[in-house]
Amino acid sequence: MKSYLKLFSLAVLAMGFASCSLLDVEVDTEYTATLNIFVEEPVMKSTTGVAFSASSTVNPDENEEVEEYGHLIENYDVSEIVAVVTSVNQIDELDVVFLAGSTFSIQQGSTTASWTMGTDWPVEVGTIFEMENLGDAYGMVADILLTLDPFNVTATGETNVGGVSITMDVTIRSTLTANPLN
């Protein structure tokens, strides 16, 4: 009976080592880029849209979970990407709007995931723009995260008014999978 118990224990142990995924660790993690957007006053007042562009670099090595698991990370599962307006400072009291066609992008090397606004979007503190997983955009962002190299988050487009400063946080929420046997 003891030999059967030992044999069973050995088989379970062997299966555990054969299936390294049993040792996978999943950790929820976030990456946030702060975009400081300054929209200058237009040269001509009759202009319908005033161009803006802002960029921020995110270094995954500065993330606490990446520091802990680093080269052990096997996969990322991106669950959500959102842009949240954190401040709006303007000269006039007019409502500020990002015009349809404005774009958010996450880029590294030749890999780019981007989202274009199909409609005008109000820019007020607390307003959230959800970037949906269209065309496997989340998969592209997961591939970018997996390199552990810095990447850029950008916003480009037009607003309805000039003379405004906007601060936004773009947050990528994901679950990383790491395996201590790597």
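Everything discussed here concerns the structure shown above.
Along each chain, numbering runs from 1 in the same order as the chain's sequence is written. Only residues with pLDDT of 70 or above have their local features reported here, since the model is predicted, and side-chain atom pairs are shown and tallied only from 80 upward, although totals for entire chains, interfaces and linings are computed over all residues. Excluding hydrogens and water, the side-chain values take into account all heavy atoms of the structure.

Draft legend 1. Molecular detail of the nonpolar core. Residues grouped as a nonpolar core are buried Ala, Val, Leu, Ile, Met, Phe, Trp, Tyr and Cys residues, joined through side-chain atoms within 4.5 Å. Relative accessibility under 20% of the residue-type maximum defines a buried residue, over 50% an exposed one, and the middle range a partly exposed one, all with a 1.4 Å probe and only protein chains included. Ranked by size, the top nonpolar core spans 48 residues in total, and within it Ile37, Ile81, Phe98, Phe104 and Trp115 carry the most contacts. For helices the rule is a DSSP run of H or I covering at least 4 residues; for strands it is a run of E covering at least 2, with both sets numbered from the N terminus onward. At seven residues, the largest contribution of residues to this core is made by strand β10 (residues 164–178).

Draft legend 2. View of the environment of Gly101. Here Gly101 is to be found in the loop between β4 (97–98) and β5 (103–108). Residue classification places Gly101 among the partly exposed positions, given a relative accessible area of 41%. Once the C-alpha coordinates of Gly101 and Thr116 are considered, the two residues, 15 residues apart in sequence, prove to be 5.5 Å apart. Not counting the four nearest positions on each side in its chain, Gly101 is found in contact with Thr116 and Met117. Residue contacts follow a heavy-atom distance rule, with two residues in contact if any of their heavy atoms lie within 4.5 Å.

Draft legend 3. Spotlight on unusual backbone geometry. Unusually for a residue other than glycine, Asp136 sits at a positive phi of about 60 degrees. Here Asp136 lies in the loop between β8 (128–131) and α3 (137–146). Given a relative accessible area of 47%, Asp136 falls into the partly exposed group. Its identity is not glycine, yet Leu148 carries a phi of approximately 65 degrees, on the positive side. Here Leu148 shows up in the loop between α3 and β9 (151–159). Judged by relative accessible area, Leu148 falls into the buried class, the value being 18%.

Draft legend 4. The arrangement of the packing of aromatic side chains in detail. Aromatic rings from Phe, Tyr and Trp, taking only the six-membered ring of Trp, are treated as a pair when their centres fall within 6.5 Å; an angle between ring planes under 30 degrees marks them as stacked, one over 60 as edge-to-face, and anything in between as tilted. Tallying each qualifying case throughout the model produces six aromatic pairs. Summarising the aromatic geometry, the rings of Phe52 and Phe98 are spaced 4.6 Å apart at their centres and angled 20 degrees between planes, so their arrangement reads as stacked. Placement of Phe52 in strand β2 (residues 50–58) and of Phe98 in strand β4 is noted, with a sequence separation of 46 residues between them. Accessibility assignment for this pair places Phe52 and Phe98 in one class, buried. On the numbers, 5.5 Å between centres and 25 degrees between planes, the contact of Phe104 with Phe129 is stacked. Taken together, the residues span a long stretch of sequence, with Phe104 in strand β5 and Phe129 in strand β8 at a distance of 25 residues.

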